[in-house]
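For reference, the chains in residue letters:
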Amino acid sequence: MSDLVLVINAGSSSLKYSLVDAASGDAMATGLVERIGESGSSQLHHGPNGEFHGDEPIATHEEALRTAIDAFATYGPSLGGTDLAAVGHRVVHGGARFSTPTLVDDALVAEVGELIPLAPLHNPANLEGIEVARRLFPDVPHVAVFDTAFHQTLPPYAYTYAAPFEWSRDHGIRRYGFHGTSHSFVSRLVAQMLGRHPGEVNLIVLHLGNGCSATAVRGGRSVDTSMGLTPLEGLVMGTRSGDIDPAIHGHLARELGWSIDEIDRVLNSESGLKGLTGDNDFREVLRRRDAGDVRAQLGFEVYCYRIRKYIGAYYAVLGTVDAVVFTAGVGQHSAEVRAASLQGLESLGISIDAGRNSEASGTGGVVSADDSRVAVLVVATNEEWEIARQALQIVRA
Ligand code: ADP
């Protein structure tokens, strides 16, 4: 039997997929269908026999997956001739119910449906992806892998908000955390790089992509994380504010007459780097900062200062830290962000080597100075491989 897993990440108007060898992590093919059900649909498929770009209208997720299957047939590898071990689905919110990857059946679909109020933008799209893929691959086991699952080990005092007790008891309002597949993948990889068992190492993992989150990992388990009930809390992100004073909501409503939906939209889509600088692409922020743009400089400083505060907080949470780890687009590629975030932390035993730091962008590796008590590492995350690996584990269990 093969180790090939088709990994599916269904968004509200997009479908991202990857055919992954769960043993080696190799992606045999990847693809993305965008603007499903909107004007200007586009399709991209990279396979062993070439690359395909399509711009035919695609009305539904079912059509998107059928188009992807056609692209597999032409540009490889043909799924008809492939012995798929599983289909692994990324599901954003597993609530308090799912702490492990889970085989998809009708009961799971119903339970993920019940969690929609906690993730109204993400879970319906993830479910649509599951339903469509089950119809098109009825003979292959499907596994749901939850973004929240890795953080189900948080202790109650870390996941409970200091609000009326009934909020959590009756409505599930608590910290769940996200990016769990990335934090889990990176934690295991770093333990390997340090030559130690995951159960022996304490890490502060910084996932800095379009969304950003920090996690305190004690002995391989997440004990605190910066995202909360939703992926809005915590670090400064591309378009999300991260932490703000919750009273700002009331202030905006009273003083500016904004609706709750408008406040929600602005904090999720018009804030963060985009709100501060006008750009959510970090490369553009860096370019403008280098050219002396004052707003880009402020955006950069707010972004890095917030990271430094979380490092301090999670250092205190963990007591001892073996490594600080940077991953995802910004974390892997921006030496400037790594240097600025760790500035002045030498008394905590964290110091980076400027040469190693600038060389590590892209390739990754150890960037701490030889006398740094805490290792600083740059690693490439691979959420698709982690989903494939977890899916295969469930299927083979
Ligand atoms: P996602 O969270 O969507 O998976 P990524 O992990 O790809 O996103 O991260 C996207 C972010 O990484 C963008 O802000 C992008 O500008 C930034 N990024 C990518 N390459 C670089 C680079 N060379 N230097 C700085 N930032 C980069």
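All values reported here derive from a predicted model rather than from experimental measurement.

(A) Representation of the UniProt feature "site: Transition state stabilizer" (unreviewed entry) in the protein within the structure. UniProt annotation of "site: Transition state stabilizer" (unreviewed entry) refers to H179 and R240 when read in the numbering used here. The topology assignment puts H179 in the loop between α5 (165-171) and α6 (180-193). Relative accessible area serves as the criterion here: at 11%, H179 is assigned to the buried category. Filtering out sequence-adjacent residues up to four positions away, H179 remains in contact with D147, H151, H207, G211, C212, S213 and M227. Looking at where R240 falls in the secondary structure, it is placed in the loop between β11 (221-225) and α7 (247-256). What R240 contacts, discounting residues up to four positions off in sequence, is G211, M227, P231, L232, L267, N268, S271 and G272. Here P231 takes part through its backbone oxygen, which lies 2.9 Å from a polar atom of the side chain of R240.

(B) Representation of the UniProt feature "binding site: Mg(2+)" (unreviewed entry) in the protein. According to UniProt, the feature "binding site: Mg(2+)" (unreviewed entry) maps to N9 and E383 in the numbering used here. On the basis of their most widely separated C-alpha atoms, the annotated residues across 375 residues gather in one place, lying no more than 10.4 Å apart. For N9, a relative accessible area of 21% gives the class partly exposed. Contacts of N9, omitting those with residues within four sequence positions, involve S14, L15, K16 and R90. Looking at the element boundaries, E383 is found in helix α15 (residues 383-396). Among all residues touching E383, those that are not within four sequence positions of it are T181, S182 and H207.

(C) The arrangement of the site of the ligand in detail. Every residue near the ligand is listed here: G209, N210, G211, N280, D281, F282, R283, L286, A328, G329, V330 and H333. Within the side chain of N210, an N or O atom sits 2.8 Å from an oxygen atom of the ligand. Here an oxygen atom of the ligand and a backbone polar atom of R283 are 3.4 Å apart. Across the complex, the protein chains shield 68% of the 580 Å² of accessible surface that the ligand would expose by itself. Where the shell around the ligand is concerned, the elements lending two or more residues are α10 (282-290) and α12 (328-333). With four residues, the top contributor of residues to the shell around the ligand is α12. Considering only residue class, the shell around the ligand consists of four nonpolar, six polar and two charged.

The rules we used
- Residues numbered from 1 in each chain as written.
- Predicted model: local features only at pLDDT ≥ 70, side-chain atom pairs only at ≥ 80, totals over all residues.
- Heavy atoms only, no water.
- UniProt positions renumbered as here; feature names shortened; annotations may be inferred.
- Helix = DSSP H or I, 4+ residues; strand = E, 2+ residues; numbered from the N terminus.
- Buried < 20%, exposed > 50% of the residue type's maximum accessible area, 1.4 Å probe, protein only.
- Contact = heavy atoms within 4.5 Å.
- Polar contact = N/O pair within 3.5 Å; in protein donor to acceptor, adjacent residues only side chain to side chain.
- Near = heavy atom within 4 Å.
- Areas by Shrake-Rupley, 256 points an atom, 1.4 Å probe, with all protein chains shown as cover.
- Nonpolar A, V, L, I, M, F, W, Y, C, P; charged D, E, K, R; others polar.

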